[in-house]
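Overview (structure and organization)
Take a look at the letters that make up each chain.
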Amino acid sequence: SQVYSIWNNKGGVGKSTIIFQIATQYAKSNPQKKVLILDMCPQANCTMMFLGGGSKGEEELLKLQNNINDPKTISGYFSYKMDEKTSTGTVNPVNPPIQVNTLNSNLPENIWIVPGDGNLELIAPGLNYYSDAKYPENAWLNVHSWLKTLIQELAGTDEWTVFIDT
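The following paragraphs examine the structure supplied in this document.

Criteria and thresholds
- Residues numbered from 1 in each chain as written.
- Predicted model: local features only at pLDDT ≥ 70, side-chain atom pairs only at ≥ 80, totals over all residues.
- Heavy atoms only, no water.
- Pairing = 2+ DSSP bridges.
- Helix = DSSP H or I, 4+ residues; strand = E, 2+ residues; numbered from the N terminus.
- Buried < 20%, exposed > 50% of the residue type's maximum accessible area, 1.4 Å probe, protein only.
- Expected span 1.5 Å × (residues − 1).
- Arc of directions from axis to C-beta.
- Contact = heavy atoms within 4.5 Å.
- Phe/Tyr/Trp six-rings, centres within 6.5 Å; stacked < 30°, edge-to-face > 60°.
- Lys NZ or Arg CZ within 6 Å of the ring centre and 35° of its normal.

Considering the sheet that holds strand 3 (residues 98–99)
With respect to topology, five strands assemble into an open sheet ordered 1-5-2-4-3, the strand pairing being mixed. Edge positions in the open sheet fall to strand 1 (2–6) and strand 3, since each of these has one partner strand only. As defined by bridge partners, strand 2 (residues 34–39) adjoins strand 4 (residues 111–114) across four bridges and the pair is classed as parallel. Counted as the bridge partner of Ile37 is Ile113 from strand 4.

Right, dumping it as structure tokens:
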């Protein structure tokens, strides 16, 4: 899989908009390829754009993140990874990802998303703790390996082009 990430420490500089524009155009130009969006931003602006924008995108996101028994968001996945450290039998909540076109028919059929959500900010201390980091500065390195695992799990034997909003 090819993986592209847009990253900047500062908020409000257009990362989500850039991911939306680049990934959508890439999907339109390459209809034979599978495109996966991983929204790692707690604001989930990228997710809301992909799910219809405005109040429609926000409503769709709220449905996904508020389904306590089956959260289909990046926070749901990380919560699963943390639970994996302390319990057994948990099912990966984002397998498979959401096909965007099923919620927003204006976008190509070859885009899937693992939505972001505000709970990512809330679980950050847990991520630091459960990532088995020996030092706090290594915690996110371990979390990145969880993302790599997620991409591998979702892709299986397929080739995906992955865009990560941070």
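Observations regarding the pairing of strand 4
Where burial is concerned, the two faces of strand 4 agree: the one with Ile111 and Ile113 and the one with Trp112 and Val114 are both buried. Examined bridge by bridge, strand 3 and strand 4 share two bridges and lie antiparallel to one another. Paired with Ile98 across the strands is Ile113, a residue of strand 4.

Details of helix 3 (residues 54–65)
End to end, helix 3 covers 17 Å across 12 residues, agreeing with the expected 16 Å (1.5 Å per residue, within 8%). All of the buried residues in helix 3 are Gly57, Glu60, Leu61, Leu64 and Gln65. Looking down the long axis of helix 3, one finds its buried residues gathered within 125 degrees of arc, a one-sided arrangement. Residues of helix 3 that are exposed and angled more than 90 degrees away from the buried face: Ser55 and Lys63. The inward-facing, buried residues of helix 3 contact helix 2 (45–50) and strand 3.

Some words on the packing of aromatic side chains
The full count for this structure, using the stated rule, is six aromatic pairs. Arranged with centres 5.5 Å apart and planes meeting at 25 degrees, the rings of Tyr4 and Phe163 form a pair that is stacked. Here Phe163 lies in strand 5 (residues 160–165) and Tyr4 lies in strand 1, a separation of 159 residues in the sequence. Between Phe20 and Phe50 the ring centres are 4.8 Å apart and the planes differ by 65 degrees, which places this aromatic pair in the edge-to-face class. Placement of Phe20 in helix 1 (residues 15–29) and of Phe50 in helix 2 is noted, with a sequence separation of 30 residues between them. You can call Phe20 buried: its relative accessible area is 17%. One cation-aromatic arrangement involves Lys34 over Trp112; the distance from NZ or CZ to the ring centre is 5.5 Å.

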